[in-house]
Amino acid sequence: LYPYDENMQNCVSLFGDSFTWSDEVTKEFAWSAVLSEFLGCRVGNFGVGGFGTDQAYLRYLNKTADQAPVVFLNHQSENVLRNVTQFRALTGGYSSAAVPLNFKPRYVVDDDGSLQLIDMPTFDSEEYPDVLYDPGSYLTHEYFLPGGQTGLVRLRFPYSWSLIRSLGHFHIKAWLTGKPWYMELYEPQHPSNGLSITTGILLKFRDSAIKRGQIPVITIIPNGLDLTHYNDHGTWPYQNLLDELATNGVDVLNFGTGIMERLDDTDPCSLFDNCSAHFNEQGYRYLAEIAAEELTKRGLAPNAAAPLDTTAVTN
């Protein structure tokens, strides 16, 4: 909608992961593009697929040239897992050496309760095979280590015993209890410190944006598991995060609330081609509508003659 022009400033900038970037739809249906039409100005999209909330925040810190008056940090609910790992492959399960080499920085909680950034681990080329075989010897700040509390195991002979031990895998335990696999990491006393770390990252973003003279908007984007869980139980898997942010004075935008209002009695999975993957065009459109409404409610919708007239945007 608004081609790149170094002299054109974004009115709003979005930071997050693939749900911010709008994976699985073409660019005109990305929710940043639809939001841009609602607002009548350019919306910058700095989402990166696979990023944790921590990486999205670090990307924000590095984008000093972007002077958008309003900046979003979108926490996608599953990212509580990514925020406590150094090696992304481990969060999906670890069974062999045939895994991507996707390492990342992360934050940890100090003894005084503050966050400390741990830089991305680096290795010599000769060390990579050993890192895959024995990550615990190299990744000293990794929560999802094989043999640890998450139930991850490295498949080795005899393989039948490895598979039996894998029944303690956190994905399997969550499936057996009917909960999203990341839900337990939102518990206040969980050993991963996922709740306190995620809360701390979002508060750091708020403070950093205010220091830059920008207005921060902190959001939570639900996935299909969150929506179906809420539909079945009436509670959000990330409710503890909403509560922590409220306690710290953050008026968080929970996209899930607006989505469920729009769905009424419709199956939440209708917003996904695969309910375990990304939104479809309608799902991303809902994100744009909800964001436009929130900006209008807060008096932050620049250049928008009628941002709530969502029918003005071509379907």
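Scope of this entry: the structure provided in the associated data block. (Residues numbered from 1 in each chain as written. Predicted model: local features only at pLDDT ≥ 70, side-chain atom pairs only at ≥ 80, totals over all residues. Heavy atoms only, no water.)

Overview of the overall build of the chain
- Broken down by element type, the chain carries twelve helices and seven strands.
- Taken over 315 residues, the chain has a buried fraction of 51%.
- Considering only residue pairs separated by 6 or more positions, the chain has 69% of its internal contacts joining residues 24 or more positions apart.
- Within the structure as shown, the chain displays about 14,700 Å² of accessible surface, and the carbon and sulfur contribution to it stands at 51%. (Helix = DSSP H or I, 4+ residues; strand = E, 2+ residues; numbered from the N terminus. Buried < 20%, exposed > 50% of the residue type's maximum accessible area, 1.4 Å probe, protein only. Contact = heavy atoms within 4.5 Å. Areas by Shrake-Rupley, 256 points an atom, 1.4 Å probe, with all protein chains shown as cover.)

Structural notes on the packing of helix 2 (residues 31–39) against helix 12 (residues 281–297)
- Between helix 2 and helix 12, the shortest axis-to-axis distance is 8 Å and the interhelical angle comes to 40 degrees. Classified by the angle their axes make, helix 2 and helix 12 are oblique. The way helix 2 lies across helix 12 gives a crossing that is right-handed. In this structure, helix 2 uses Trp31, Val34, Leu35, Phe38 and Leu39 to contact helix 12, whose residues at the interface are Tyr284, Arg285, Leu287, Ala288, Glu289, Ala291, Ala292 and Leu295.
- Considered class by class, the residues forming the contact of helix 2 with helix 12 number eleven nonpolar, no polar and two charged. (Axes fitted to C-alpha atoms, helices over the stretch in contact; angles between N-to-C directions. Parallel < 35°, antiparallel > 145°, perpendicular 65-115°, else oblique. Left-handed = near helix turned anticlockwise from the far one by under 90°. Nonpolar A, V, L, I, M, F, W, Y, C, P; charged D, E, K, R; others polar.)

Looking at the pattern of salt bridges
- A full pass over the atoms with the stated rule returns nine salt bridges.
- Its salt-bridge partner being Asp207, residue Arg206 comes within 3.2 Å of it at the nearest N-O pair.
- Sharing partners across several salt bridges, the network here consists of Asp251, Glu294, Lys297 and Arg298. (Salt bridge = Lys/Arg side-chain N within 4 Å of Asp/Glu carboxyl O.)

Things to note about the sheet that holds strand 7 (residues 253–254)
- A sheet is described by the order of its strands in space; here five strands give the open sequence 2-1-3-6-7, paired in parallel fashion. Only two strands of the sheet have a single partner each, and these edge strands are strand 2 (43–45) and strand 7.
- Pairing of strand 6 (residues 215–221) with strand 7, which is carried by two bridges, proceeds in the parallel orientation. Bridged to Thr219 within strand 7 is Leu253.
- Strand contacts of helix 3 (residues 53–62): strand 1 (12–15) and strand 3 (70–76), with the helix running at about 165 degrees to strand 3, the strand carrying the most contacts. (Pairing = 2+ DSSP bridges.)

Examining the packing of helix 9 (residues 224–233) against helix 11 (residues 255–263)
- The contact between helix 9 and helix 11 brings their axes to 11 Å, and the two run at 65 degrees. Once helix 9 is placed against helix 11, the crossing between them reads as right-handed. Here Leu227, Tyr230 and Asn231 of helix 9 lie close against helix 11, whose contacting residues are Gly256, Ile259 and Met260.

Overview of a negative patch on the surface
- The grouping of Glu24, Glu28, Asp273 and Glu281 at the surface amounts to a negative patch.
- Assignment of secondary structure puts Asp273 in the loop between helix 11 and helix 12. (Patch = residues over 30% accessible without salt bridge, like charges linked within 9 Å, V, L, I, M, F, W, Y side chains within 5 Å. Lys, Arg positive; Asp, Glu negative; His and termini not counted. Charge placed at Lys NZ, Arg CZ, Asp CG, Glu CD.)

A few points about the environment of Leu253
- Mapped onto the secondary structure, Leu253 falls in strand 7.
- Residue Leu253 is classed as buried on the basis of its relative accessible area, which comes to 5%.
- The spatial distance from the C-alpha of Leu253 to the C-alpha of Glu294 is 7.6 Å, given a sequence separation of 41 residues.
- Non-local contacts of Leu253, meaning those with residues more than four positions away in its chain, are made with Phe72, Ile218, Thr219, Ile220, Ile290, Ala291, Glu294 and Arg298.

Brief notes about the packing of aromatic side chains
- Under the definition given, this model contains 15 aromatic pairs.
- Consider the rings of Phe272 and Phe279, whose centres lie 4.6 Å apart with planes at 20 degrees: the pair is stacked.
- Residue Phe272 is classed as buried on the basis of its relative accessible area, which comes to 5%.
- For Phe279, a relative accessible area of 1% corresponds to the buried category. (Phe/Tyr/Trp six-rings, centres within 6.5 Å; stacked < 30°, edge-to-face > 60°.)

Comments concerning helix 11
- Along helix 11, the residues classified as buried are Phe255, Gly256, Gly258, Ile259, Met260 and Leu263.
- In the core, the buried residues of helix 11 are packed alongside helix 2, strand 3, strand 6, helix 9, strand 7 and helix 12.
- You can read the cap of helix 11 off the contacts: a side-chain oxygen lies 3.0 Å from the backbone nitrogen of Gly256, and it is on Asn254.
- A positive backbone phi angle near 55 degrees is found at Asp264, which sits one or two residues after helix 11. (Polar contact = N/O pair within 3.5 Å; in protein donor to acceptor, adjacent residues only side chain to side chain.)

Section: the pairing of strand 5 (residues 115–118)
- Note that strand 4 (residues 106–109) and strand 5 share four bridges and pair antiparallel. The partner of Tyr107 across the bridge, within strand 5, is Leu117.
- Following strand 4, the chain reverses through five residues before pairing antiparallel with strand 5; Gly113 in that reversal takes a positive phi of roughly 90 degrees.

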